Amino acid sequence: MGVVAWLKSLFILQLLIGFVFVVSGLIINFTQLCTCVLWPINKQLYRKINTRLSYSLWSQLVMLLEWWSGTECTLYTDQATVDKFGKEHVIIILNHNYEIDFLCGWTMCERYGVLGSSKVLAKHELLKVPLIGWTWYFLEIVFCKRKWEEDRDTVFSGLNRLRDYPEYMWFLLYCEGTRFTEKKHEISMQVAESKGLPKLKYHLLPRTKGFTTTLQCLKGTVKAVYDVTLNFKDKQNPTLLGIVNGKKYKADMSIRRFPVEEIPDDEKECADWLHKLYQEKDALQEHYEKEGCFPGPTIKPKRRVWTLLNFLFWATLLLSPLINFAWDVFVSGSPLLIIGFMIFLIVASVAVRRLIGVTEVKKTGSSYGNIEAKKEN
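As recorded in an unreviewed UniProt entry, the protein chain goes by 1-acyl-sn-glycerol-3-phosphate acyltransferase gamma-like and comes from Cyprinus carpio. Turning to the protein chain, the UniProt annotation filed under Sequence similarities (unreviewed entry) states: "Belongs to the 1-acyl-sn-glycerol-3-phosphate acyltransferase family."

Here is the structure:
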């Protein structure tokens, strides 16, 4: 293990990074709360401010991927498609197989200038997660409980509200509804068989309602759908904890652009189009499994320095007083102060670990196997 790799593995450095993220996030969330007074006065100004505030938080996670772990991202697409990145409102369809698939999506958003304005159709439970859910709330993220009768009005109103969004946005959809596991895949393919649909090898059966509704509500705003299929070199199974430990991964993303005009307006035909898309995604994954790469030309977009500069700003602002305080505590010789500070460190480490736990596959919930959930789909 080299010196740099050893330093990245040190728990105290990881804890300091976590401290910067959590405290800066709380400051950003409080600032976002203060901007709410702008909403009735100037909604677009409120949105532009919150886009930049959220960028300041999310880019710290992107910094971990790009600069701390040095993870590489290669795109398999043509230059004509890349030339449109960051210049139009789009819906992103991404496979949900990995703990850091969202982070790979975010690094592409960052490199093409849409990280702060990126959107997602998120499960309602995430609204309660400190920093993540709170920031998304101020960004007008659409939350759903994955029960259509309860979600209908919320989803329609949330999506329609985004039609006049002033910044170009990439709206992420995990059409599979939950992260891939072998157990979920087995049950999902039973559902596919019962519906007479072709079975998929590398994906769960897509839930079409979220896609058809999003496309319907944002038509006229969204110009295209980007189909993104993600995999990793050497059959790596990346984790956010691995990123925090400085482990380097090599991500490959196949990106295909479909103009909205080419997608059927009829709900059933649109759902059939999505099922066909996932059969094509499965074929792409089969090609990757055999060849170790996706078909087509490759492009490696360069990482930008802004994520690193943003983190260094927050680190300079927050770590200097923390280090001075820690020094004063230990030189004071007071057992009570020292014990109190140690308890603070333990609580902080647990809090950071719990935030990381939100992304872990084994801790993500799923309604697969639930009879009522099947009826909803």
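From this point on, the discussion continues.
A look at the sheet that holds strand S8 (residues 298-299)
Pairing between the strands of a sheet is mediated by backbone hydrogen bonds and can be parallel or antiparallel. Taken together, 8 strands build an open sheet; the order of strands is S4-S3-S5-S2-S6-S7-S1-S8 and the sheet is mixed. Looking at which strands have only one partner, the edges of the open sheet turn out to be strand S4 (142-144) and S8. In this structure, strand S3 (residues 119-123) lies alongside S4, joined through 3 bridges in parallel fashion. Each residue of the ladder has a partner; that of Lys123, found in S4, is Cys144. Across the face of the sheet, helix H9 (residues 208-218) comes into contact with strand S2 (90-94), S3, strand S5 (170-173) and strand S6 (224-232) while running at roughly 160° to S5.

Concerning the side chain of Glu88
Residue position: Glu88 is located in the loop between helix H4 (79-82) and S2. Within the structure, the side chain of Glu88 is placed 2.5 Å from the side chain of Tyr226, a separation counted as a polar contact. For Glu88, the side chain forms a polar contact with the side chain of Arg257, separated by 2.9 Å. Glu88 has contacts with Tyr168, Met169, Trp170, Lys223, Ala224, Tyr226 and Arg257, leaving out every residue within four places of it along the chain.

Points about helix H5 (residues 101-111)
Across the 11 residues of H5, 10 count as buried, placing the element largely inside the fold. Residues of H5 that are buried include every one of Asp101, Phe102, Leu103, Cys104, Trp106, Thr107, Met108, Cys109, Glu110 and Arg111, and no others. Of the residues flanking the end of H5, it is Gly113, one or two places downstream, whose phi is positive at about 80°.

Comments concerning the packing of aromatic side chains
For the structure shown, the criterion picks out 17 aromatic pairs. Summarising the aromatic geometry, the rings of Tyr76 and Phe294 are spaced 5.7 Å apart at their centres and angled 80° between planes, so their arrangement reads as edge-to-face. With Tyr76 in strand S1 (residues 72-76) and Phe294 in the loop between helix H11 (267-291) and S8, this pair connects stretches of sequence that are 218 residues apart. Of the two residues examined, Tyr76 and Phe294, each falls in the buried class. Taken together, a centroid distance of 5.2 Å and an interplanar angle of 65° make the contact between Phe313 and Trp314 edge-to-face. Of the residues examined, Phe313 reaches a relative accessible area of 49% and is grouped as partly exposed. Residue Trp314 is classed as buried on the basis of its relative accessible area of 8%. The structure contains a cluster of three or more aromatic residues connected by ring pairs, namely Trp58, Phe102, Trp106, Trp136 and Phe143. When the ring centre of Tyr278 is taken as reference, the NZ or CZ atom of Lys281 above it lies at 5.6 Å. If you follow Arg303 out to its NZ or CZ, it ends over the ring of Trp67, 3.6 Å from the centre.

Reading the values: rules and limits
- Residues numbered from 1 in each chain as written.
- Predicted model: local features only at pLDDT ≥ 70, side-chain atom pairs only at ≥ 80, totals over all residues.
- Heavy atoms only, no water.
- UniProt positions renumbered as here; feature names shortened; annotations may be inferred.
- Pairing = 2+ DSSP bridges.
- Helix = DSSP H or I, 4+ residues; strand = E, 2+ residues; numbered from the N terminus.
- Contact = heavy atoms within 4.5 Å.
- Axes fitted to C-alpha atoms, helices over the stretch in contact; angles between N-to-C directions.
- Polar contact = N/O pair within 3.5 Å; in protein donor to acceptor, adjacent residues only side chain to side chain.
- Buried < 20%, exposed > 50% of the residue type's maximum accessible area, 1.4 Å probe, protein only.
- Phe/Tyr/Trp six-rings, centres within 6.5 Å; stacked < 30°, edge-to-face > 60°.
- Lys NZ or Arg CZ within 6 Å of the ring centre and 35° of its normal.

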